[in-house]
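Structure assessment
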Amino acid sequence: MSRAKVAVIKTKANGVIEDIDRLVGLAGMEGALAKDKTTILKDNISWHMPFLSANTTPWQLEGVIKALKKRAYSEIVCVENRTVVTSAAKGERLNRYTGVLADEKIPVKYNFRPEHMKWVRYEPKTAMLVLHQIYPEGIYLPDYFFGKNIIHLPTMKCHIYTTMTGAMKNAFGGLLNHKRHYTHSFIHKTLVDLLAIQKEIHSGIFTVMDGTVAGDGAGPRTMTPVVKDYMLASADSVAIDAISAKMMGFDPMSICCIRTAHERGLGVGRVEEIEVVGEDISEVNFHFRQTDNAVSRVGKMFWFGPLFFLQKLMFRTPLVYAFVFGSFLYHDYLWWPIEGKRRMRQIADSQWYKLFESYRM
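Residues numbered from 1 in each chain as written. Predicted model: local features only at pLDDT ≥ 70, side-chain atom pairs only at ≥ 80, totals over all residues. Heavy atoms only, no water.

1. Details of unusual backbone geometry
Geometrically, the link from G219 to P220 is a cis peptide bond, its omega value of 15° lying close to zero. Looking at the element boundaries, P220 is found in the loop between β10 (204-218) and β11 (222-234). Unlike most non-glycine residues, A72 shows phi in positive territory, near 70°. Relative to the helices and strands, A72 resides in the loop between α3 (58-70) and β3 (76-80). (Helix = DSSP H or I, 4+ residues; strand = E, 2+ residues; numbered from the N terminus.)

2. Structural notes on helix α1 (residues 16-27)
With 12 residues, α1 extends 16 Å between its outermost C-alpha atoms, agreeing within 8% with the 16 Å of an ideal straight helix rising 1.5 Å per residue. Within α1, burial applies to V16, I17, D19, I20, D21, L23, V24 and A27. Contacts made by the buried residues of α1 are with β1 (4-10), α2 (29-32), α3, β10, β11 and α14 (351-358). Where α1 terminates, the next one or two residues include G28, which has phi positive at roughly 80°. (Expected span 1.5 Å × (residues − 1). Buried < 20%, exposed > 50% of the residue type's maximum accessible area, 1.4 Å probe, protein only. Contact = heavy atoms within 4.5 Å.)

3. Observations concerning the layout of surface pockets
There is about 200 Å³ of room inside the second largest pocket. The wall of the second largest pocket is formed by V130, Q133, I134, Y182, F186, W303, F308, F309, Q311, K312, F315 and R316. Broken down by secondary-structure element, the contributors of at least two residues to the lining of the second largest pocket are α6 (131-134) and α12 (311-315). At 3 residues, the largest contribution of residues to the lining of the second largest pocket is made by α12. (1 Å grid on protein atoms, 1.4 Å probe; cavity = no way out; pocket = protein on both sides within 12 Å on 5 of 7 lines; lining within 4 Å. Points joined across faces, edges and corners; volume = space filled by probe spheres on them.)

4. Side note on the packing of helix α7 (residues 167-175) against helix α8 (residues 187-201)
Where α7 contacts α8, the two axes come as close as 9 Å, and the packing angle between them is 75°. Overall, the two elements α7 and α8 adopt an arrangement that is roughly perpendicular. Along its contact with α7, which presents M168, K169, A171, F172 and L175, the element α8 presents I187, T190, L191, V192, L194, L195, Q198 and I201. Grouping the amino acids of the contact of α7 with α8 by side-chain chemistry returns 10 nonpolar, 2 polar and 1 charged. (Axes fitted to C-alpha atoms, helices over the stretch in contact; angles between N-to-C directions. Parallel < 35°, antiparallel > 145°, perpendicular 65-115°, else oblique. Nonpolar A, V, L, I, M, F, W, Y, C, P; charged D, E, K, R; others polar.)

5. Considering the packing of helix α11 (residues 294-303) against helix α13 (residues 320-346)
Their axes nearest at 10 Å, the elements α11 and α13 cross at an angle of 160°. When the axis of α11 is compared with that of α13, the two are roughly antiparallel. For the pair formed by α11 and α13, the contact residues are A294, V295, V298 and G299 on the first element and F323, S327, Y330 and H331 on the second. In terms of residue class, the contact of α11 with α13 is made up of 5 nonpolar, 3 polar and no charged.

6. Let's talk about the packing of aromatic side chains
Applying the stated criterion across every chain yields a total of 12 aromatic pairs. Note on Y122 and F146: the rings are 5.5 Å apart at their centroids and 65° apart in plane angle, and the pair reads as edge-to-face. Residue Y122 is found in strand β5 (residues 119-122), and its partner F146 is found in the loop between β6 (139-142) and β7 (149-153); the two are separated by 24 residues along the sequence. Residue classification places Y122 among the buried residues on the basis of a relative accessible area of 10%. When its relative accessible area of 27% is taken as the criterion, F146 is described as partly exposed. With a centroid separation of 5.5 Å and 75° between ring planes, the pair formed by F328 and Y333 is classed as edge-to-face. Residue classification places F328 among the partly exposed positions, given a relative accessible area of 28%. Each residue in the set W47, F51, W335 and W336 is aromatic and connected to the rest through ring pairs, giving one cluster. (Phe/Tyr/Trp six-rings, centres within 6.5 Å; stacked < 30°, edge-to-face > 60°.)

The analysis is restricted to geometry; functional conclusions fall outside its scope.
What follows is the structure, given as structure tokens:
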């Protein structure tokens with residue numbers, strides 16, 4: 001397998017837009033994305049609340065758009081998805097994307113609106129590990145994604161189900177419909193299947209990952225935001241996730257989705273086989289730890305634990321709405337006002353919080 005490249009830089013709020021331009025150049029964006037194709041910006045709204053480390057940052061979005069325009073990528077579109085507990089419209093506004101997209105004149109399309117795209121049945125050329133078993137009725141994808149470039153915009157953070165989350169996980173919301181929770185028991189192999197599909201349907205894949213404020217603990221929502229000042233970019237989704245995992249303090253090849261994708265030739269997961277350009281990260285270790293919250297402890301009992309036999313009853317019948325309501329209540333009306341806002345106040349003096357506040361909704 002050819003040697004993968006991941007660019008890593010340290011940056012500051014007063015120069016981050018210029019640094020993103022330098023970052024994508026180091027990572028070889030122009031060699032990865034065709035200029036005669038539409039480029040989809042797939043941001044990451046893990047939660048609509050304005051919680052740094054959980055979501056794509058406005059400077060990450062702005063910097064990538066400006067870098068694309070500078071390199072004559074003329075047709076750029078932002079694509080959003082929704083989950084049962086996250087509002088795309090609210091997330092765009094509270095996380096300050098609305099002003100950036102308006103200023104840069106970038107249209108937004110939603111994969112859940114039939115006037116924007118339709119879901120079509122797709123038969124992958126690559127043998128699937130689990131998707132055919134999870135969806136025996138067929139694999140359905142949004143037709144708008146076919147034949148286009150995609151840039152993933154994740155953040156460096158832990159995840160309750162996948163240890164850490166990054167480029168590979170960012171495809172989850174865009175490519176799977178509202179029944180994507182069916183995959184949770186097999187989430188790692190699902191991400192590998194989705195990466196194989198992406199390589200079949202996209203004209204190019206690239207990732208710009210924000211680690212200016214990284215998330216430690218029970219991600220992708222209830223984390224502790226930690227200022228780290230890093231940004232990463234790569235055309236190899238597996239490699240950027242591996243380097244991000246390494247920086248956070250995890251062994252990349254112990255994470256099932258990274259190891260399996262590496263073994264299937266979908267990217268490079270072994271750190272020693274990845275060329276890191278920019279910063280020397282050989283001694284970087286955030287010492288992050290993936291933990292759980294009240295909702296994930298209950299969920300894991302059904303997805304992976306002793307209540308697995310009740311999974312279809314709980315999540316494939318109207319009973320699922322009780323779980324959805326419980327998650328919504330916990331995150332938005334208990335954890336956010338009691339704990340989330342407090343954790344944001346702890347970084348209120350940071351350059352990144354002040355930059356965030358400078359963006360308009």
